[in-house]
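Descriptive analysis of the structure
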Amino acid sequence: MTVLYSRTDERLGAFAVRPLDLDTDAALLHAWVTHPKATYWMMQGLSEEEVAAEYRRIVEHPHHDAFIGLWQGRPAFLLERYDPARAELVGLYPAQPGDVGMHFLCPAAEQPVHGFTLAVITTVVGFLFDDPAARRAVVEPDLRNTAVHALNAAVGFVPDGPITKPEKEALLSFCTREQFLAATTGARA
């Protein structure tokens, strides 16, 4: 399968991003998004067919897509990218040209690896900014998800404030390319 982006984490090794393939990824995706750890994904109780239908809708949407993240060549996380002016956040904030939204999910691990989630979010935001048209990353995690707020801050996201989405109260946050580089390279870039 085509690798769209890759990076090497100095501690954890090779990370990459490839397109989601529902023909081969549906069962894995279902296990990830319905696991109790994925409560903020809001898909508990869905069948594999229902999850596949939701992701088919995402990958067929002209302004929303999904990817599988790889660690050391194996599927290890889920990533969604969207245009917030045309999906997810339409009318909820003043979108700017170059805004790109994202969601990511690290599935439950039998043996957690220290620093893994930080390496994943660094890979995800690096993937977004690999597109020269991307000027600002946008996230809207559940207001109660304090763990992801800390991860977002670690890679340069700055909270803008709470917003109300149909399915949740969310913390709208932004990260420019410059903020990302400063947070992840100590502004050495």
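So, here's what we can say about the structure. Not measured: the values here are computed from a predicted model. (Residues numbered from 1 in each chain as written. Predicted model: local features only at pLDDT ≥ 70, side-chain atom pairs only at ≥ 80, totals over all residues. Heavy atoms only, no water.)

Comments concerning the sheet that holds strand β5 (residues 99-105)
In spatial order, the strands read β1-β2-β3-β4-β5-β6-β8-β7; together these eight strands make up an open sheet with mixed pairing. Only two strands of the sheet have a single neighbouring strand rather than two, namely β1 (5-9) and β7 (158-164). Adjacent strand axes in the sheet meet at a mean angle of 30°, parallel and antiparallel pairs treated alike. In this sheet, strand β4 (residues 74-82) lies alongside strand β3 (residues 64-71) in antiparallel orientation, the contact comprising eight bridges. Residue pairing for β4: D65 is matched across the bridge by R81. Across the sheet, helix α2 (residues 48-60) lies against β3 and β4, angled at about 110° from β3, the strand it touches most. (Pairing = 2+ DSSP bridges. Helix = DSSP H or I, 4+ residues; strand = E, 2+ residues; numbered from the N terminus. Axes fitted to C-alpha atoms, helices over the stretch in contact; angles between N-to-C directions. Contact = heavy atoms within 4.5 Å.)

Structural notes on the pattern of salt bridges
Following the criterion strictly, the structure yields eleven salt bridges and no others. For R18, the salt bridge identified is with D25, shortest N-O distance 2.9 Å. Accessibility expressed as a relative area gives 3% for D25, which makes it buried. Close ionic contact of E54 with R57 constitutes a salt bridge, the shortest N to O distance being 2.5 Å. Highlighted residues: E54 and R57, both in helix α2, separated by three residues, approximately one helical turn. Residue R57 is classed as partly exposed on the basis of its relative accessible area of 43%. (Salt bridge = Lys/Arg side-chain N within 4 Å of Asp/Glu carboxyl O. Buried < 20%, exposed > 50% of the residue type's maximum accessible area, 1.4 Å probe, protein only.)

Brief notes about the packing of aromatic side chains
The full count for this structure, using the stated rule, is eight aromatic pairs. Measuring from centroid to centroid gives 5.1 Å for W71 and F116, while their planes differ by 55°, and the two rings are tilted. Taken as a pair, W71 in strand β3 and F116 in helix α3 (residues 116-129) lie far apart in primary sequence, 45 residues in all. The same class applies to W71 and to F116, which are both buried. Ring geometry for F129 versus F180: centroids 5.9 Å apart, planes at 40°, classification tilted. (Phe/Tyr/Trp six-rings, centres within 6.5 Å; stacked < 30°, edge-to-face > 60°.)

Concerning the packing of helix α1 (residues 22-34) against α2
Two numbers describe how α1 lies on α2: the axes approach to 9 Å, and their chain directions differ by 110°. Judged by the inter-axis angle, α1 sits roughly perpendicular to α2. Taken as a pair, α1 and α2 cross one another with a handedness that is right-handed. Where α1 approaches α2, its residues L22, A26, A27, L29, H30, V33 and T34 are matched on the opposing element by E48, V51, A52, Y55, R56 and V59. When grouped by side-chain class, the residues that make up the contact of α1 with α2 number nine nonpolar, two polar and two charged. (Parallel < 35°, antiparallel > 145°, perpendicular 65-115°, else oblique. Left-handed = near helix turned anticlockwise from the far one by under 90°. Nonpolar A, V, L, I, M, F, W, Y, C, P; charged D, E, K, R; others polar.)

Quick word on the state of the cysteines
What makes a disulfide is a covalent bond joining the sulfur atoms belonging to two cysteines. Throughout the structure, instances matching the rule amount to zero disulfides. Cysteine C106 is unpaired, with the sulfur of C175 as its nearest cysteine sulfur at 17 Å. On the accessibility criterion, C175 (0% relative accessible area) is buried. (Disulfide = S-S within 2.5 Å.)

In short, shape yes, function no, at least from these values alone.
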